Amino acid sequence: MMLSLCLLTSGGLQAQKGANIESAQEKKIQTLVKKMTLEEKVGLLHANSKFYVSGVQRLGIPEWALSDGPHGVRAEINRHNWFYAGWTNDSSTCFPPGTALAASWNPALARERGIVLGEEARFRKKDVLLGPGINIIRSPLCGRNFEYLSEDPFLISSMAVPYIQALQSKDVAASVKHYLANNQEENRFKVDVSVSERALREIYLPGFKAAITEGGALTVMAAYNKFRGDWCSENEYLDRQILRKELGFTGVLMTDWDAAHSTVKAALAGLDLEMGTDIKDYNQWYFANPLIQAVKEGKVPLSVVDEKVSNILRVMMKTKMVGDKTREQGSMNTSAHQLAAYHSAAEAVVLLQNQDKVLPLDFSKLKSIAVIGDNATRKHTSGGLSSEIKPLYEITPLEALTKKFGNSLKINIAKGYEKQSGFFEGRNTGQEDTKKVDWKLIDEAVEAAKRSDVSIIFGGLNHDFDSESFDRQDMKLPYGQETLIREVVKANPKTIVVIIAGSPLELAGIVSCAPSIVWAWYGGMEAGNAVADVLSGKVNPSGKLPFTLPVSLEQSPAHALGNFPGRDLKVNYQEDILVGYRWFETKNITPQFHFGYGLSYTTFELSGFNTDKQVYGKNETIHSRFTVKNNGSCSGAEVAQLYMSQPSCSVMRPKKELKGFEKVFLNPGESKTIELSLRVSDLAFYDEIRKGWIVEPGDFILHLGNSSANICQTIKISVQ
Ligand code: BGC
């Protein structure tokens, strides 16, 4: 009692201290705003170069430095063109991109990443890191899927919040992007997206809402596209109504690079900062001279400009840029940072198939291995466009295998397939020409496989496919890889396929022949070490798919309904709330691999699932408990997943919705009791008629499992 009183008092004191700091900051902001001329104010509202915004020197307001993320601090770009500046001290730590982070299902890794990115951004004297990118993975084809996290808003929120909190604890502002519905790259500068209000609230908005209200994101980046007829950067509904009024966002809303379209409309809708406009003279940008003019003509009230300046200053103060000597100085490329990148890569790896326990490999007993495929030697970190990183180093799979096992066994190397695609001036120059089967390379690979105890094929995609600015054209494995894999397996049944890719691929053709399939994502600078350690069993795979892997493109909702990428520059998200596994579950379609799926070298048991009560009131919290046991002979981690459904409701509800998860690390024979709580209010759906979240009384089913499909136990509860 005494102790809780003390805690309460110290919590209360801290809150009071926080409120005092905020009110002092607000006073300081007002004082500064009063001292500024209109020209100085407007100077804060548009870039003065590619990634910098002017300050006001005479008032001690520094220049603002922004940098791309989201999985590393991007190398320095020239101030006035898109070429790299050629610095020699801007190589950084590179994490695996977003899908890999989400595949770890481990929010602690998101936190660790945020810390590292914050430290490196500060060391590079950056104030804002442009990430995380949290758009929903709506179609398997979206070129930026690899950068994003998941098809599920709960998983996205669970990762984005700790990432943002940690990054900002290092005095660097996050910029959660791309707000909103930037779910395709095709026509991203023009497309007009229609989404029902329910799908907006249940699917597309929750990640942003969590990033702002729980993560405290200090900046938001408005997407390129239109939303319900208006550009996201000047969308009254998204920017004023939802962002400011409903979510209470008091930070900076900036454009994506070259996403501004107007002065008055954007100013009134709530945009603060214009970035990347493709006009040489910065004074001619929408939020430069034209804004000064608009204020003078009374089209934009001065109070609106003051609001924007205040938002900028608020973010500067919260990141200790103005008048605070305690700002984080940061550090770069420390071994702790590299270890964090390694952990992130290793925990992301998903074991999809492992017949006859081909994996893990006991390399000490092998005399030879064949290492086949372009991705065995390809470095990926410097691809993908704005998220590309110049890493201090990048370990390829072949390098890692050679370093770890090359002394004790023979490695027979074969290319297997040729990268036929290319990249020129920001455009992919030939996805359509990537289907060629190169029999000469296949024959060489078959020969290498025959001469080896085990063959490992490193295939998948590369950033000619997974990239900003265009979408893929189909979901197939390019470069004749299916044929290669089939032929190699025929030559050596002990074949492991490692897929390196950031978005769904058709795998039926290899699932039927390859005994073992590992999905390793783009693994960042430590990619090779991570995958080699999974293959050898040093690391037990514990990743789970953050998206559904359909059998074919036609299975997936947007494509089944024929509304990707839209027509006449309009796209209507007809699948509504049935995105990803919500669609597959509700429509009883069996994909190749389910959302949340992933195997381990050990086996787990989930049991004893119960809740504290059976009947709940609307304001209560459901406390569920269960036990996870490691039944096998090696340590590992299982991701226990809690889904919810409401079988009978006045509106359609998906058959399953993820409401909680926990990654549990266990030694052989060990078990742990896990508690997962969810508020009854989390069971709500968005009611378009009543314009609010409704929990309709009745029965709900809680499903406990280790994928959206593999449910071990269910419980029925009722809400009164
Ligand atoms: C991308 C953003 C990125 C910006 C700056 C844009 O093309 O959409 O994600 O932060 O460029 O590089």
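Just above sits the structure.
It should be emphasised that the depicted structure is a prediction, and the values quoted were computed from it without experimental measurement.

Peer 1: Can you break down the overall build of the chain residue by residue, with the values?
Peer 2: Within the chain, the regular secondary structure consists of 19 helices and 28 strands. Taken against the 2.2 N^0.38 rule, which gives 27 Å for 720 residues, the C-alpha radius of gyration of the chain at 26 Å falls within 12% of a compact globule. Along the first, second and third principal axes, the C-alpha atoms of the chain reach 80 × 65 × 55 Å. The buried share among the 720 residues of the chain stands at 63%. Expressed as a percentage of contacts within the chain between residues at least 6 apart in sequence, the contacts between residues at least 24 apart total 77%. Taken as a whole, the chain presents about 26900 Å² of accessible surface, with 52% of it coming from carbon and sulfur. Of note, the chain has its 82 positive side-chain charges centred 3 Å away from the centre of its 82 negative side-chain charges.

Peer 1: Go over the nonpolar core, please, and point to the residues and values.
Peer 2: Membership of the largest hydrophobic core comes to 119 residues, with the highest contact counts inside it found for Trp64 and Leu180. Sort the elements by how many residues they give to this core and helix α11 (residues 302-318) lands first, with 8 residues. One finds Leu352, Leu477, Leu507 and Phe547 within the second-largest nonpolar core, a separate group that totals 78 residues.

Peer 1: Could you give me a rundown of the environment of Asn529, with the residues and numbers involved?
Peer 2: The topology assignment puts Asn529 in helix α17 (residues 527-536). The contacts of Asn529, once residues within four sequence positions are left out, are Tyr342, Ile395, Ala400 and Lys404.

Peer 1: Now, about the site of the ligand: what can you tell me, with residues and values included?
Peer 2: Surrounding the ligand, one finds 15 residues, the nearest of these being Asp68, Arg144, His178, Asp256 and Glu468. Asp68 places a polar side-chain atom, nitrogen or oxygen, 2.5 Å from an oxygen atom of the ligand. Take Arg144: an N or O atom from its side chain is 2.8 Å from an oxygen atom of the ligand. With the chains in place, 96% of the 310 Å² that the ligand exposes on its own is no longer accessible. Counting atoms within 2 Å of the grid points, the majority share of the ligand lands in the second largest pocket. Looking at the shell around the ligand, its residues break down into 6 nonpolar, 2 polar and 7 charged.

Peer 1: Please give an account of unusual backbone geometry that cites residues and values.
Peer 2: Omega for the bond connecting Lys177 with His178 falls within 30 degrees of zero, at -5°, which places this linkage in the cis form. Among the secondary structure elements, His178 is positioned in strand β4 (residues 173-179). Its identity as a non-glycine residue notwithstanding, Lys125 has a phi of 60°, on the positive side. With respect to the helices, strands and loops of the structure, Lys125 is situated in the loop between α4 (107-123) and β3 (128-130). Although it is not a glycine, Tyr479 adopts a positive phi angle of roughly 60°. Considering the arrangement of structural elements, one finds Tyr479 in the loop between β15 (454-460) and α15 (481-491). Note on Tyr479: relative accessible area 2%, which makes it buried.

Peer 1: Kindly report on the pattern of salt bridges, identifying the contributing residues and their values.
Peer 2: For the coordinates displayed, the defined rule picks out 55 salt bridges. Salt-bridge contacts for Lys404 lead to Asp533; the nearest nitrogen and oxygen are separated by 2.9 Å. Of the two residues, Lys404 is situated in helix α13 (residues 397-405) and Asp533 in helix α17; the sequence distance between them amounts to 129 residues. Residue class for Asp533 comes out buried when judged on its relative accessible area of 3%. One salt bridge connects Glu657 with Arg653, and the closest N-O pair in it is separated by 3.4 Å. For the residue pair Glu657 and Arg653, the accessibility class agrees, reading buried in each case. One network of salt bridges, with partners in common, ties together Arg144, Glu147, Glu185, Arg188 and Glu468.

Peer 1: Could you give an account of the environment of Glu214, naming the residues involved and the relevant values?
Peer 2: In this structure, Glu214 sits in the loop between α7 (206-213) and β6 (219-222). Through-space distance from the C-alpha of Glu214 to that of Phe249 is 11 Å; in sequence the pair is 35 residues apart. Apart from residues no more than four positions distant in its own chain, Glu214 is found in contact with Val161, Gln165 and Lys209.

Peer 1: Explain empty space enclosed by the protein residue by residue, including any values.
Peer 2: Overall, the coordinates contain 5 cavities of 30 Å³ or more when judged by the stated rule. One number sums up the size of the largest cavity: a volume of about 110 Å³. Looking at the lining of the largest cavity, its residues break down into 10 nonpolar, 4 polar and 2 charged.

Peer 1: Please set out the state of the cysteines residue by residue, giving values where relevant.
Peer 2: One pass over the structure, following the stated rule, counts 0 disulfides. Unpaired in this structure, Cys232 has its nearest cysteine sulfur neighbour in Cys142, at a distance of 14 Å. The exposure class assigned to Cys232 is buried, which follows from its relative accessible area of 0%. With no disulfide of its own, Cys634 lies 19 Å from the sulfur of Cys712, the closest cysteine sulfur.

Peer 1: Quick rundown of the sheet that holds strand β2 (residues 64-68)? Include the residues and the values.
Peer 2: Strand order in the open sheet made by the 6 strands is β1-β2-β3-β4-β6-β9, with mixed pairing throughout. Single-partner strands in this sheet number two, and they are β1 (52-53) and β9 (252-255). Along the sheet face, helix α5 (residues 153-169) touches β3 and β4 and points at about 145° away from the line of β4. This element, α7, spans β4 and β6 of the sheet and lies at about 165° to β4.

The rules we used
- Residues numbered from 1 in each chain as written.
- Predicted model: local features only at pLDDT ≥ 70, side-chain atom pairs only at ≥ 80, totals over all residues.
- Heavy atoms only, no water.
- Helix = DSSP H or I, 4+ residues; strand = E, 2+ residues; numbered from the N terminus.
- Rg over C-alpha atoms; globule rule 2.2 N^0.38 Å.
- Buried < 20%, exposed > 50% of the residue type's maximum accessible area, 1.4 Å probe, protein only.
- Contact = heavy atoms within 4.5 Å.
- Areas by Shrake-Rupley, 256 points an atom, 1.4 Å probe, with all protein chains shown as cover.
- Lys, Arg positive; Asp, Glu negative; His and termini not counted.
- Charge placed at Lys NZ, Arg CZ, Asp CG, Glu CD.
- Core = buried A, V, L, I, M, F, W, Y, C linked by side-chain atoms within 4.5 Å.
- Near = heavy atom within 4 Å.
- Polar contact = N/O pair within 3.5 Å; in protein donor to acceptor, adjacent residues only side chain to side chain.
- 1 Å grid on protein atoms, 1.4 Å probe; cavity = no way out; pocket = protein on both sides within 12 Å on 5 of 7 lines; lining within 4 Å.
- Sits in = over half its atoms within 2 Å of the grid points.
- Nonpolar A, V, L, I, M, F, W, Y, C, P; charged D, E, K, R; others polar.
- Salt bridge = Lys/Arg side-chain N within 4 Å of Asp/Glu carboxyl O.
- Points joined across faces, edges and corners; volume = space filled by probe spheres on them.
- Disulfide = S-S within 2.5 Å.
- Pairing = 2+ DSSP bridges.
- Axes fitted to C-alpha atoms, helices over the stretch in contact; angles between N-to-C directions.

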